[in-house]
Amino acid sequence: MELFSRQHLAELTERERASYRAANPRSAALHEGAEHLFARVPMTWMNKWAGGFPLGFATAHGATITDLDGHELVDFALGDTGAMAGHSPAPLARAMAERIGRDGGVTTMLPTEDAEWVAAELTRRFGLAKWSFSLSATDANRWLLRLVRLVTNRPKILVFSYSYHGSVDETFVVLDEQGRPQIRPGGVAPAYDPTETTRVVEFNDLEGVKAALAHGDVAAILTEPAMTNIGIVLPEPGFLEGLRTLCDETGTLLILDETHTFSAGPGGATQRYNLRPDALTIGKSLGGGVPCGAYGLTQELADRVVKALASGADIVDVGGVGGTLAGNAMSLAAMRAVLGEVLTDDVFAPMEELVTTFATGLRESIARHQLPWSVNQLGTRCEYRFMSPAPRNGGESVASADGELEDFLHLYGINRGVLITPFHNMALMCPETTAADVAKHQAMFDAALDELVG
Ligand SMILES: Cc1ncc(COP(=O)(O)O)c(C=O)c1O
């Protein structure tokens, strides 16, 4: 039995939607007047925001966005991690002015001195010996999957059900309710059936992984150390170590996608939990939102790739790995500024303290309202899900999604100056997030639940 009626929820949401429209005439006009934009936005994902149209924004600094109608919002969405370094931190602004203005040269297909600095810093943090760059985490994953198939001579990869690694074709596979692989619902006209390229297992299911790898045709497991795109699903004790062991036993490579789990610390979950991936991908926040991505290889894997090139595979021209703008001077300058001066080793602990306060406040409020919800934290990010205990895997987590509740809570927040990520209920801190920002969210969340359940 739910503690609130769906009709009450619908009425509250309708009220919030009306306030949103009334308070944001310039954003509404921006959307309605965007006659030449497909779906009225520069990228169709921007229609994900609740309220019927997204806010247009005028400025963004640190953890604050000012929208077109002049409201200041505390930003816990941070571009769904792209802005984990905060919006336009001073070292990034300076690096961009120097690279583009003073020195000149956004892209030349020639290296700058920043590249080796960034690669060495990534090695220091994540441990992998060799690095290559892309313009997005999606492409880092895409290109790496080619390399792991090349060296293992195996056709398939393994992913966890309801994981997300960017728009990489092979990864759009989930398990249906009967545990059978199927194309992820909503997949847009896939070029081929990804159930043929990919084995899919539930997260935290080592027996399932063992059975899938027993076929001997999986080049690599591609996984986040904790799932972060279907709510946060944490690995159970021994799960990640178990993956490593199963990979070693079967000659399968292990790729960790740290694009979001970078929130676990300066060297992501890899450093924090002492993990030993064969390869690692990352993007988004690395360049403070300036387009970039990176993939790292152990020395052993790098040597294997070089050896495998004797088969004729071409990584220098049109073999399917790389792109003209990848590794450009602007991206590298951005990554150097962010790693060197913004997301430094010392900023993670205070950010994590704030998230711990944030998550504790959520838990207390949820308990006070007797709601069967749960909260998971991963370093500097946390997330609530509408089930308790917290989901163990993607299948459980997707079953707990509740679009009506999310719309209400997201709109309630926006109307009171608080943004959380539009895709689910995640909050992320940046170095400039303050205790007052967290308190503002808490007051909003308490008030929302008071209205919902009384
Ligand atoms: C874990 C993970 N990997 C890769 C990506 C792809 O990043 P991008 O969209 O910047 O290519 C995402 C995006 O949300 C992600 O969450």
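If you're wondering where the values come from, they're calculated on a predicted model, not measured in any experiment.

1. Topic: the sheet that holds strand S2 (residues 64–67)
Here is step 1: Taken in spatial order, the 4 strands of this open sheet run S1-S2-S3-S15, and their pairing is mixed. A strand with exactly one partner marks an edge of an open sheet, and here the two such strands are strand S1 (57–61) and strand S15 (418–419).
Here is step 2: Examined bridge by bridge, S2 and strand S3 (residues 72–75) share 3 bridges and lie antiparallel to one another. Within S3, the position partnered with Thr64 by the bridge is Val74.

2. Concerning the pairing of strand S13 (residues 374–378)
Here is step 1: Most of S13 sits inside the fold, with 4 of its 5 residues counted as buried.
Here is step 2: Pairing of S13 with strand S14 (residues 381–385), which is carried by 5 bridges, proceeds in the antiparallel orientation. Following the sheet pairing, Gln377 is matched in S14 by Cys382.

3. Considering the sheet that holds strand S5 (residues 156–160)
Here is step 1: If you walk across this open sheet you meet the 7 strands as S4-S12-S11-S10-S9-S5-S8, and the pairing is mixed. With one partner strand each, in any of the chains shown, strand S4 (130–134) and strand S8 (198–201) form the two edges of the open sheet. Across this sheet, the average inter-strand angle for adjacent strands is 20°, counted without regard to direction.
Here is step 2: Pairing geometry for strand S9 (residues 218–223) and strand S10 (residues 253–257), over 4 bridges, is parallel. Bridging from a neighbouring strand, Leu222 pairs with Ile255 of S10.
Here is step 3: Across the sheet, helix H5 (residues 137–152) is in contact with S4, S5, S9, S10, strand S11 (279–283) and strand S12 (293–297); its angle to S11 comes to roughly 165°.

4. With respect to the packing of helix H6 (residues 206–213) against helix H7 (residues 239–250)
Here is step 1: Closest axis-to-axis distance for the H6/H7 pair is 10 Å, and the angle between their directions is 15°. On the basis of the axis angle, H6 is roughly parallel to H7. Like other packed secondary-structure pairs, H6 and H7 cross with a definite hand, here right-handed. Counted together, Leu206, Val209, Lys210 and Leu213 of H6 and Phe239, Gly242, Leu243, Leu246, Cys247 and Thr250 of H7 form the full contact between these two elements.

5. Details of the site of the ligand
Here is step 1: Near the ligand you find 13 residues, and of these Thr138, Asn229, Asp257, His260 and Lys284 are the closest.
Here is step 2: Take Thr138: an N or O atom from its side chain is 2.6 Å from an oxygen atom of the ligand.
Here is step 3: Burial of the ligand by the surrounding chains reaches 88%, relative to a free accessible area of 390 Å².
Here is step 4: At 3 residues, the largest contribution of residues to the shell around the ligand is made by H5.
Here is step 5: Its residues assigned to classes, the shell around the ligand shows 2 nonpolar, 8 polar and 3 charged.

6. What to know about the pattern of salt bridges
Here is step 1: Tallied over the full model, the rule gives 29 salt bridges.
Here is step 2: The partner of Arg6 in a salt bridge is Asp402, and the shortest N-O contact between them spans 2.7 Å. On the criterion of sequence distance, the pair formed by Arg6 in helix H1 (residues 6–23) and Asp402 in the loop between helix H12 (394–399) and helix H13 (403–415) is long-range, its members being 396 residues apart.
Here is step 3: By relative accessible area, Arg6 is classed as partly exposed at 31%.
Here is step 4: For Asp402, a relative accessible area of 14% puts it in the buried group.
Here is step 5: The partner of Arg180 in a salt bridge is Asp176, and the shortest N-O contact between them spans 2.9 Å.
Here is step 6: Classification of Arg180 as partly exposed rests on a relative accessible area of 48%.
Here is step 7: One salt-bridge network, held together by shared partners, links Arg94, Glu98, Arg102, Asp103 and Glu341.

7. Things to note about helix H4 (residues 113–126)
Here is step 1: With 14 residues, H4 extends 21 Å from end C-alpha to end C-alpha; this agrees with the ideal 20 Å at 1.5 Å per step.
Here is step 2: Taken residue by residue, H4 has Asp114, Val118, Ala119, Glu121, Leu122, Arg125 and Phe126 as its buried positions. An end-on view of H4 places all buried positions within 160° of arc, on one side of the element. Structural note: H4 exposes Glu113 and Glu116 on the side pointing more than 90 degrees away from its buried face.
Here is step 3: Tucked into the core, H4 has its buried residues touching S4, helix H8 (268–272), S11, S12, helix H10 (329–342) and helix H11 (348–368).
Here is step 4: Just downstream of H4 lies Gly127, where phi reads positive at about 90°.

8. Here's the deal with the packing of aromatic side chains
Pairs of aromatic rings are described using the distance from one ring centre to the other and the angle between the two planes.
Here is step 1: Applying the stated criterion to the full structure yields 16 aromatic pairs.
Here is step 2: When the ring of Tyr164 is compared with that of Phe172, the centres are 6.3 Å apart and the planes differ by 80°; the resulting orientation is edge-to-face.
Here is step 3: Taking relative accessible area as the criterion, Tyr164 reaches 24% and is therefore assigned partly exposed.
Here is step 4: Under the relative-accessibility criterion, Phe172 is labelled partly exposed at 21%.

9. Some points on a nonpolar patch on the surface
Here is step 1: On the surface, a nonpolar cluster with roughly 310 Å² of combined accessible area is contributed by Met43, Trp45 and Met46.
Here is step 2: Structurally, Met43 is set in the loop between helix H2 (25–32) and S1.
Here is step 3: In this structure Met43 comes out as partly exposed when scored by relative accessible area, which is 40%.

10. A few points about the pairing of S14
Here is step 1: Of all 5 residues that make up S14, 5 are buried, and the element is covered over most of its length.
Here is step 2: Alternating positions in S14 separate into two faces, Arg381, Glu383 and Arg385 on one and Cys382 and Tyr384 on the other, with burial throughout.
Here is step 3: With antiparallel pairing between neighbouring strands as the criterion, S13 and S14 make up a hairpin whose turn holds 2 residues, including Gly379 at a positive phi of roughly 60°.
Here is step 4: Examined bridge by bridge, S14 and strand S16 (residues 426–428) share 3 bridges and lie antiparallel to one another. Bridge pairing in S16 places Cys382 opposite Ala427.

About the cut-offs
- Starting afresh in each chain, residues are numbered from 1 along the sequence in its written order.
- Reporting of local features is limited, given that this is a predicted model, to residues whose pLDDT is at least 70; pairs of side-chain atoms are given and counted only at 80 or more, and all residues count toward the totals for whole chains, interfaces and linings.
- Each side-chain value is worked out from all heavy atoms of the structure, with water and hydrogens disregarded.
- When DSSP finds at least two bridges between two strands, those strands are taken to pair.
- What counts as a helix is a DSSP run of H or I of at least four residues, what counts as a strand is a run of E of at least two, and both are numbered from the N terminus.
- Accessibility here uses a 1.4 Å probe with only protein chains present; expressed as a share of the type maximum, an area under 20% marks a residue as buried, one over 50% as exposed, and anything in between as partly exposed.
- Comment: axis = line fitted to C-alpha atoms, over the contacting stretch for helices; angle = value between 0 and 180 degrees taken between N-to-C directions.
- Contacts: residue pairs with any heavy atoms within 4.5 Å of one another.
- Our angle categories are set so that under 35 degrees counts as roughly parallel, over 145 as roughly antiparallel, 65 to 115 as roughly perpendicular, and the remainder as oblique.
- Crossing handedness: left-handed means the near helix sits turned counterclockwise from the far one by under a right angle, and right-handed means the same turn made clockwise.
- Nearness here has a simple test: a residue counts as near a molecule or strand if at least one of its heavy atoms is within 4 Å of that partner.
- Any N or O atom pair separated by 3.5 Å or less is treated as a polar contact, with the protein-specific requirement of one donor-capable and one acceptor-capable atom, and with residues adjacent in sequence counted only for side-chain atom pairs.
- With residues, only the protein chains shown are counted as cover, and all accessible areas are computed by Shrake-Rupley using a 1.4 Å probe.
- Note on residue categories: nonpolar means Ala, Val, Leu, Ile, Met, Phe, Trp, Tyr, Cys or Pro, charged means Asp, Glu, Lys or Arg, and polar means any other residue, Gly included.
- Note on definitions: salt bridges are taken to be side-chain nitrogens of Lys or Arg within 4 Å of carboxyl oxygens of Asp or Glu.
- The span expected for a helix works out to 1.5 Å for each residue beyond the first.
- To obtain the arc, one takes the directions from the helix axis to the C-beta atoms.
- Only rings of Phe, Tyr and Trp enter the pairing, Trp through its six-membered ring, and a pair is recorded when the two centres are within 6.5 Å. The plane angle decides the type: under 30 degrees is stacked, over 60 is edge-to-face, the rest tilted.
- Residues forming no salt bridge and having over 30% relative accessible area are the ones grouped into patches, like charges within 9 Å of each other and nonpolar side chains (Val, Leu, Ile, Met, Phe, Trp, Tyr) within 5 Å.

So yeah, pure geometry; function would need other evidence.
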